[in-house]
Amino acid sequence: MPSSLCEAIQNSAESLEFQKNDDWITSGRMGSREAVLVFRTNILNPKTRKNLSESYSSPVLSQSRSNMEETIVCRKGEHDISSLSLPSCSNDALSGSKQRKIYVSIRNSVNINQTSDFQSTAKKINKQYSSSDASMSSEGEEPTQNIKNKFRELKKNPNEKITDLAEAVRKESGYDSTTPTKSITNISASEEDECVTEDDEECGIVMPAYKLKITYKFIQTETKLLRKIFDVHGLREVEGDNNFNLLWTGVHMKLDILRNLAPYQRVNHFPRSYELTRKDRLYKNIERMQHLRGMKHFDIVPQSFILPLESRDLIIAHNKHRGPWIVKPAASSRGRGIFIVNSPDQIPQDEQVLVSKYIVDPLCIDGHKCDLRVYVLVTSFDPLIIYLYKEGIVRLATVRYDRHADNLWNPCMHLCNYSINKYHSDYIRSSDAQDEDVGHKWTLSALLRHLKMQGCDTHQLMLNIEDLIIKAILACAQTIISACRMFVPNGNNCFELYGFDILIDNALKPWLLEANLSPSMGVDSPLDTKVKACLIADLLTCVGIPAYSPEMRSHYDSKWSRFRSSSCQRNLNVPSGPHKVKKNKKKGSVSTDLTGEEQRILRNARLQYSRRGGFERIFPTDDSMQRYGNFLDSTNGIPISTPNVQGQTFQTLIMQHNYNQMLHSNLYCHDTSDIDNNLEKNRIKQYERALETGSEIPFVKKPAVEKSEEEGRRQRKLMIKKIGTGSELTQFQARQTFSLYLESVLRRLTQDPRDNHEKIILKFLNKFGGSVKPPVLFRNTQSIKVISKARSAMVAKLLGDFLENYKRDTEAYVDSFDHFGMIPSSAYNQFLTHAQESDLEAVLTLHTNVTGIMPFLYNRCGLSVPPTPPIPSGLHGFLRALPSMVSSSGIAREVSKYDGYFRNIDKDYENVQDISIRPRSSRRF
């Protein structure tokens, strides 16, 4: 290690001493290279945060008051300070509500004459510094006011400028505390929300992560629960390109970001993870292993075909074994575009889909089909290290299962996705985190206890699930390892949390349905909050976010070339002969025969396992090489999923080593505690135990805004008056109004379904096109003609998907100022506060009729904007005209398939008597 890094570590450890940091730092002393942050769920409890804040602030406040009484000795006319001791108060800590605490860190006395750097910095700040303290809030508690008064008394000193300079220099040098930055980007709309409050920021300020300036960044992902956990632990959000400690993204990583990662940075994806998370790639990788290693070893997925390339093979298989078949888009999520057919001729041939044999005999709970969502953590692919979280989610379908062919159209019977069943009016949510077997969402441990009471062999079931997960990852690991060697500079940069969807049949055989790249972290019930909060806390602790000081990080950033080779590969000193491991008598010691890289891998594996929390390591285990050694290359330990061709073998492209064998030998061939803790019987017991938390994790609903109908009518009249006098809605205002209007329609579809309204929404979505299209099953008008709750849920799901994309696009139209001739933002916001569905519809109708434009669907300068149709007056008139607002030239090719289904809608339009037709438009509606 370079001496400069040693000095940086020593200086940071001395300057960043923090009381009780052992509770939130593990695997090493604070400031050391092995130290990582600790995440706990008990800090999510407001009472715990309050006690923690008080315990940290009390001794600091007493110390600050004593230092306030010290005098500043300064000779008049001199520019040096012989002794200076000032409190280090954060302006942000002083501002806020009356209940806000003050956190003061005492800086040791300094002498300006000791260093010339101090003087130069002071001169630079002197030009920009203002003596006004207007930025300090007067709404704090009594200690806040006392501190402010002390500052005012200090300013009466003739040398007050020196005092101010000292405080400014102290801020510039990095010893000032600021509140964590908050961003409104990437905030997805949800029914449930738990906002970040000032109390969270107060708690975060006293955490080591805040003192160390640990930062995180989000890219296209759900952020509510994650941001809550990060903020209360002291992490701060940043918006820069690479100035983060943790990057959490919901999409695949860009290669240029991966190439430039520093050793202390962590990202939540491996390169080329789509080999495991895309449905078509996953099946093809497993299919290759079936041909190479034998069908009996990799019989973990139903028989599948990729259309249209394998249409002929599908027809042959269908003739041998009749359907049904389930059709899934190759790269979709949350049940979008999935439907079931009896025959291949019902499947469209114009897009790539995965067609799998439908399992007609699934495991049912009280007559309802169910599947599992289990969470799998991979911390390394070479060597392969896999953890399975001991708690998962069991999702139940809302409608009782019936395998009759006439019910194949019903997704609320055959699909267990929460994103589909939540729109069904009979869906039941658990209202208590302790009720793990109530409603349509259970925990994995509750299901295992339920099956065990019925005499099922849950021990073997969980072993089969572990085996399924390991084999699926082995089938896809070869390509991911190759990408990691090319693009990931450090072995600890990447980790991945996969969401495995597993279906169990009535013979208790698990089947892999898919592996999700970024499993949903949204919470809509106390049970969701409990499981996912514990999952995230244990995940971050196990992975290990380095507790590096800013000095250490800057050293790595400036001297990164010393720790990284030009090819982004690990620097290895691999012995040419067979690998030998000495059996050391000292427990847990590392063999001296191991190379530096191997020692690092072994040390990291042991440290990860020691802080695993609720994760159980399923690979490697004491018998993993015995069970899966045949699937690994004997020379390099890489899972081989392609036949070895002479002269073109995979191992010739990489350096010869066998990290998997080395790690297994050192973990399980010695007398260590890992063997006893990770035995099969101990792991299986953990899966059946209910998830325990140190304290209650609160679930806070998004507060419902009470709307006044009278105020809504008054604001509507004002808006109509403004539109009548020539004012217009901006594109952002029009899109926001349209979005709220569709949300009201969505609520009616789930609570008070109407057949004609469902048909209108379907026709609008189909003509609008895009990524949201009605499924092909809507061609069968006979099976869905009768009004049903399940069909209403299907239409609501389609509208919900459209709204999600629509709101994401609306973020690009935010108004930064009031435009000339447009409705002022203040008046518009007042209208939205109390607007009902009828108010929104009236404003949209009038604005469309008066202006003749549709900014909620098209840009004002669009070249293919259709003419504005006449909008029928009366209730739901705007909704009835909605399909005609979409350009006929943009109709998808599938429209002809729905003509029979939509024929009744046209008849409804012809019966409309009261239609307001504008003079300038002669187009028949």
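Reading the values: rules and limits
Residues numbered from 1 in each chain as written. Predicted model: local features only at pLDDT ≥ 70, side-chain atom pairs only at ≥ 80, totals over all residues. Heavy atoms only, no water. Pairing = 2+ DSSP bridges. Helix = DSSP H or I, 4+ residues; strand = E, 2+ residues; numbered from the N terminus. Contact = heavy atoms within 4.5 Å. Axes fitted to C-alpha atoms, helices over the stretch in contact; angles between N-to-C directions. Buried < 20%, exposed > 50% of the residue type's maximum accessible area, 1.4 Å probe, protein only. Phe/Tyr/Trp six-rings, centres within 6.5 Å; stacked < 30°, edge-to-face > 60°. Core = buried A, V, L, I, M, F, W, Y, C linked by side-chain atoms within 4.5 Å. Salt bridge = Lys/Arg side-chain N within 4 Å of Asp/Glu carboxyl O. pLDDT = per-residue confidence, 0-100. Expected span 1.5 Å × (residues − 1).

Across the sheet, which stays open at both edges, the 4 strands sit in the order β6-β5-β7-β8 with parallel pairing between neighbours. Looking at which strands have only one partner, the edges of the open sheet turn out to be β6 (236-237) and β8 (266-267). Alignment of strand β5 (residues 215-219) against strand β7 (residues 246-249), held across 4 bridges, turns out to be parallel. Bridge pairing links Y216 to L246 in β7. Here helix α9 (residues 224-232) sits on the sheet and contacts β5, β6 and β7; the angle it forms with β5, its principal contact strand, is near 170°.

Another aspect to go through is the environment of E54. Tracing the chain through its elements places E54 in helix α2 (residues 46-68). E54 gets classed as partly exposed once you look at its relative accessible area, which sits at 31%. Between the C-alpha atoms of E54 and V206, which are 152 residues apart in sequence, the distance is 9.9 Å.

Applying the stated criterion across every chain, the model contains 23 aromatic pairs. Ring centres of Y387 and F615 lie 6.4 Å apart, and the angle between their planes is 80°; on these two criteria the pair is classed as edge-to-face. Taken together, the residues Y387 in strand β15 (residues 384-389) and F615 in strand β20 (residues 615-619) connect sequence positions 228 residues apart. Take F615: its relative accessible area is 0%, and that puts it in the buried class. A connected cluster of aromatic rings, assembled from ring pairs, spans F738, Y741, F764, F768, F802, Y806, F856 and F878.

In this section: unusual backbone geometry. Of note, the bond from L307 into P308 is cis; its omega dihedral lies within 30 degrees of zero at 10°. In this structure, P308 sits in the loop between β9 (304-307) and α13 (311-320). With omega at 0°, the peptide bond leading from F619 into P620 counts as cis. Considering the arrangement of structural elements, one finds P620 in the loop between β20 and α21 (624-628). At L508, a residue that is not glycine, the phi angle is positive and equals roughly 60°. Its place among the elements puts L508 in the loop between β18 (496-504) and β19 (510-516).

Core analysis: the largest hydrophobic core is formed by 74 residues, its most contacted members being F381, I386, I469, I473 and F500. The greatest single-element share of this core, amounting to 18 residues, is contributed by helix α17 (residues 458-487). Discounting chain neighbours no more than four positions away, the residues touching I473 are L276, V376, V378, F381, L384, I386 and F500.

Take the pattern of salt bridges next. Under the criterion given, the structure shown has 30 salt bridges. Among the ionic pairs, K284 bridges to E310, the shortest N-O distance being 2.5 Å. Of this pair, K284 sits in helix α12 (residues 279-293) while E310 sits in the loop between β9 and α13, and the two are 26 residues apart along the sequence. E310 carries the same exposure label as K284, and that label is buried. The shortest N-O distance in the salt bridge between R373 and D501 comes to 2.5 Å. Taken as a pair, R373 in strand β14 (residues 368-381) and D501 in strand β18 lie far apart in primary sequence, 128 residues in all. Under the relative-accessibility criterion, D501 is labelled buried at 3%. Each of R429, K441, D524, D528 and K532 takes part in one network of salt bridges that share partners.

All right, on to the confidence of the model for the protein chain then. With 69% of its residues at a pLDDT of 70 or more, the protein chain has an overall mean of 75. Across residues 60-194, where pLDDT falls below 50, the model places 199 contacts with residues more than four positions away in sequence or in other chains. Across residues 890-925, where pLDDT falls below 50, the model places 64 contacts with residues more than four positions away in sequence or in other chains.

On to helix α16 (residues 444-453), then. Of the positions making up α16, those classed as buried are L444, S445, A446, L447, L448 and L451. Buried residues along α16 sit against β13 (364-365), β14, β16 (393-396), β17 (441-443), α17 and α24 (680-687). Positive phi shows up at G455, right after α16, with a value of about 85°.

Over its 21 residues, helix α26 (residues 731-751) extends 30 Å from the first C-alpha to the last, a length consistent with the 30 Å expected when each residue adds 1.5 Å. Counting buried residues along α26, 15 of its 21 residues qualify, which places the element largely inside the surrounding structure.

Further remarks concern the sheet that holds strand β12 (residues 353-357). Pairing in this open sheet of 4 strands is antiparallel, and the strands run β9-β12-β10-β11 from one edge to the other. Every interior strand has two partners, whereas the edge strands, β9 and β11 (339-341), have only one. Averaged over neighbouring strand pairs, the angle between their axes works out to 30° when direction is ignored. Where strand β10 (residues 325-329) and β12 come together, 5 bridges link them in antiparallel fashion. Each residue of the ladder has a partner; that of V327, found in β12, is V355. Across the sheet, α12 lies against β9, β10 and β12, angled at about 130° from β9, the strand it touches most. Relative to β9, α13 is tilted by about 145°, and along the sheet it contacts β9, β10 and β12.

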